[in-house]
Amino acid sequence: MRKNDYRKLALMGTLMIVLLAFQNYTGRGKEKFPEIRFITESSVPLNLTDFDPNELDAKQWERLGFSEKQVATLLNYKKIVGGQFTSKAQFKKCYAVSPEKFTELESYLLLPENGKDRYSGKFKGYEKKEIIVSRKFNPDSFSAADWMKIGFSEKQAEAILKYKNYLGGSFVSKEKFKECFIISSENYSRLEPYVLLPAKKPNDFKNSSKSHALKSKIQYHNFDPNTTDLEGWKVLGFSERQAQTIVNYRDRNLRGSFKTPEDLQKCFVISSEKFQELQPYIKLNPTVDKKQETDFSKIDLNTITFKQLLEFGLDEKSAGSMIGFRKKLRGFVNKQQILDTYNIDKDLVQKLLSIAPLDVSNVPKYTLTEAPEEWLKDHPYFKYSADKIIFYRTTYRDDKKILKLLKLKPEYEERMKLYLK
């Protein structure tokens, strides 16, 4: 009996311990977890236009809705990857850029979709393709495809050809060929034994070279570089690309006019030799040197040109942003849109808006049920809801019903209505 009593007591003790432990576990109050706060990013400004993330400073990143800490992270990440973002895929990897934020910015980024990151691991460099040459060759006769076959990238091949054109269509000598910045000293050492060019530029090159023979056929005449068009520069011996570069340099960099002959010499596609040939024939018209006076009270803001915006005083970035945003919208419907355009000189634009009229009669507008799919997917105000609109309109033929189903923020719905019939 005593033995059975001990067993019962031991069993009861064990049960009591189990019950107390269970009560302690189940009776424990719910632990309070620390409150989780998500960092919210303000949405992309409604007036955002295409931009290069490599050109933005801290303040401009903040205007895009990033916090001060996120901006610091972005700029540090940019340094880590070599000083610039090379692709959208690389930009997306920065942990300061949330998936939602990247989706908002993606279509505006002036970057290729993919590219070789300079660093894709802790210590991973990019792979260099080896330059391989097996026979002698004349670099003057090489095309871009030929340069790529021996190991240069497509961009490097294009740069080599541009350098050749800059020299007048011929590398002339190994000495000049070596000066091409795309060709490293290591690669030049590999190429040099196979290059069929004289070591140095011949003394009588101008009299004996093929390029000079072509130049001698050019009949130079007096010309005003401020009124010479693309065809005029080609007549003076420049290629179409060189001619376009000169025109762009004049219209964009110099705001439409060369002030002195020396300004022409600063254009990188005009060699010092070519400038010496042209100089006696350059006749700058002093009346053209002055800016043309445009009556901006008669210039429609939906047709105003890049050049006219520069004439008014806007810099290239402001003018480009305004023209770019207008192009995406297919036209402004009110002046506030122009004033809200990202990356512009607001004070100067406000002055322009007070003078110039806005004609909205040619701005395309549609109903949600009839709008072309391409227009919906490309328009800044509709692109993020385009797929939903296309889906809903297969069932509903009423714009009000579709807008209700979209459940947009009031401000987003209002800007859509600007372009709806």
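Cut-off values and rules
- Residues numbered from 1 in each chain as written.
- Predicted model: local features only at pLDDT ≥ 70, side-chain atom pairs only at ≥ 80, totals over all residues.
- Heavy atoms only, no water.
- Helix = DSSP H or I, 4+ residues; strand = E, 2+ residues; numbered from the N terminus.
- Buried < 20%, exposed > 50% of the residue type's maximum accessible area, 1.4 Å probe, protein only.
- Contact = heavy atoms within 4.5 Å.
- Areas by Shrake-Rupley, 256 points an atom, 1.4 Å probe, with all protein chains shown as cover.
- Expected span 1.5 Å × (residues − 1).
- Core = buried A, V, L, I, M, F, W, Y, C linked by side-chain atoms within 4.5 Å.
- Salt bridge = Lys/Arg side-chain N within 4 Å of Asp/Glu carboxyl O.
- Patch = residues over 30% accessible without salt bridge, like charges linked within 9 Å, V, L, I, M, F, W, Y side chains within 5 Å.
- Lys, Arg positive; Asp, Glu negative; His and termini not counted.
- Charge placed at Lys NZ, Arg CZ, Asp CG, Glu CD.
- Arc of directions from axis to C-beta.
- Phe/Tyr/Trp six-rings, centres within 6.5 Å; stacked < 30°, edge-to-face > 60°.
- Lys NZ or Arg CZ within 6 Å of the ring centre and 35° of its normal.
- Polar contact = N/O pair within 3.5 Å; in protein donor to acceptor, adjacent residues only side chain to side chain.

Regarding its fold elements, the protein presents 24 helices and zero strands. Within the protein, buried positions represent 38% of all 421 residues. Counting contacts in the protein only where the partners sit at least 6 residues apart, residues at least 24 apart contribute 58% of the total. Here the protein has roughly 27000 Å² of accessible surface; of this, 53% comes from carbon and sulfur atoms.

To continue, consider helix α7 (residues 154-166). Between its first and last C-alpha, α7 extends 18 Å over 13 residues, near the 18 Å set by a 1.5 Å rise per residue. The complete set of buried residues in α7 reads Ala 157, Ala 159, Ile 160, Leu 161, Tyr 163 and Lys 164. As for α7, its buried residues are in contact with α6 (144-149) and α8 (174-178). Where α7 terminates, the next one or two residues include Gly 168, which has phi positive at roughly 105°.

As a further point, take the environment of Leu 418. Note on placement: Leu 418 falls in the segment after α24 (410-417). Residue classification places Leu 418 among the partly exposed positions, given a relative accessible area of 27%. Expressed as a C-alpha distance, the spacing of Leu 418 and Phe 332, which sit 86 residues apart in the sequence, is 9.4 Å. Residues within four places of Leu 418 in sequence aside, it is in contact with Val 333, Asn 334, Gln 337, Lys 365 and Tyr 381.

Core analysis: the largest hydrophobic core is formed by 40 residues, its most contacted members being Met 322, Leu 352, Leu 376, Phe 382, Leu 406 and Tyr 419. Sorting the residues of this core by element identifies α17 (306-312), α18 (316-329), α19 (335-339), α20 (346-355), α21 (373-378), α22 (386-392) and α23 (399-406) as the ones contributing at least two each. Other than its neighbours up to four places away in sequence, Met 322 contacts Leu 301, Ile 304, Leu 309, Phe 332, Ile 338, Thr 341, Ile 344 and Leu 352. Grouped together as the second largest cluster of nonpolar side chains are 21 residues, Phe 137, Ile 150, Ala 159 and Leu 191 included.

This part covers the environment of Tyr 220. Tracing the sequence through the fold places Tyr 220 in the loop between α11 (210-216) and α12 (230-235). Distance from Tyr 220 to Gly 237, taken between C-alpha atoms, is 9.4 Å for residues 17 residues apart in sequence. Residues contacting Tyr 220, with those up to four places away along its chain left out, are Leu 236, Lys 274, Glu 277, Leu 278 and Tyr 281.

Turning to the pattern of salt bridges, a few remarks are in order. Scanning all chains against the criterion turns up twelve salt bridges. With a shortest N-O distance of 3.1 Å, Asp 251 and Arg 250 are connected by a salt bridge. Across the pair Lys 266 and Asp 263 runs a salt bridge whose closest N-O atoms are separated by 3.9 Å.

Another aspect to go through is a negative patch on the surface. Taken together, the side chains of Asp 315, Glu 316, Asp 345 and Asp 347 present a region of like negative charge at the surface. Looking at where Asp 345 falls in the secondary structure, it is placed in the loop between α19 and α20.

Turning our attention to unusual backbone geometry. With a phi close to 70°, Asn 343 is a non-glycine residue in the positive phi region. The topology assignment puts Asn 343 in the loop between α19 and α20. Relative accessible area serves as the criterion here: at 22%, Asn 343 is assigned to the partly exposed category. In this model, Lys 407 sits at a positive phi of 55°, which is unusual for a non-glycine residue. Looking at where Lys 407 falls in the secondary structure, it is placed in the loop between α23 and α24.

A word on helix α13 (residues 240-253). Here α13 is 14 residues long and its end C-alpha atoms lie 19 Å apart, about the 20 Å a rise of 1.5 Å per residue gives. Buried within α13 are the following residues: Gln 242, Ala 243, Ile 246, Val 247, Tyr 249 and Arg 250. One side of α13 carries all its buried residues, which in axial view fall inside an arc of 155°. Among the exposed residues of α13, those pointing more than 90 degrees away from its buried face are Arg 241 and Asn 253. In this structure, the buried side of α13 is in contact with α7, α12 and α14 (261-265).

Moving on to the environment of Val 247. Relative to the helices and strands, Val 247 is located in helix α13. Considering only alpha carbons, one finds Val 247 and Leu 230, 17 residues apart in sequence, at a separation of 6.9 Å. Once residues within four sequence positions are removed from consideration, Val 247 is found in contact with Asp 229, Leu 230 and Trp 233.

Right, let's talk about the packing of aromatic side chains for a bit. Considering all chains together, one arrives at 22 aromatic pairs under this definition. Taking the centre distance of 5.0 Å and the plane angle of 65° together, the rings of Phe 142 and Trp 147 count as edge-to-face. Residue class for Phe 142 comes out buried when judged on its relative accessible area of 12%. Arranged with centres 4.9 Å apart and planes meeting at 65°, the rings of Tyr 366 and Trp 375 form a pair that is edge-to-face. A relative accessible area of 25% means that Tyr 366 is categorised as partly exposed. The rings of Phe 137, Phe 142, Trp 147, Phe 152, Tyr 163, Phe 171, Phe 177 and Tyr 188 are connected pair by pair, giving a single aromatic cluster. Looking at Lys 101, its charged tip hangs above the ring of Phe 66, at a distance of 5.1 Å from the centre.

Looking now at the side chain of Lys 274. Among the secondary structure elements, Lys 274 is positioned in helix α15 (residues 272-278). In this structure Lys 274 is buried but unpaired, with Glu 277 as the nearest side chain of opposite charge at 4.3 Å. Looking at Lys 274, its side chain comes within polar contact range of the main-chain oxygen of Leu 236, at 2.7 Å. Residues contacting Lys 274, with those up to four places away along its chain left out, are Ile 218, Tyr 220, Leu 236, Gly 237 and Phe 238.

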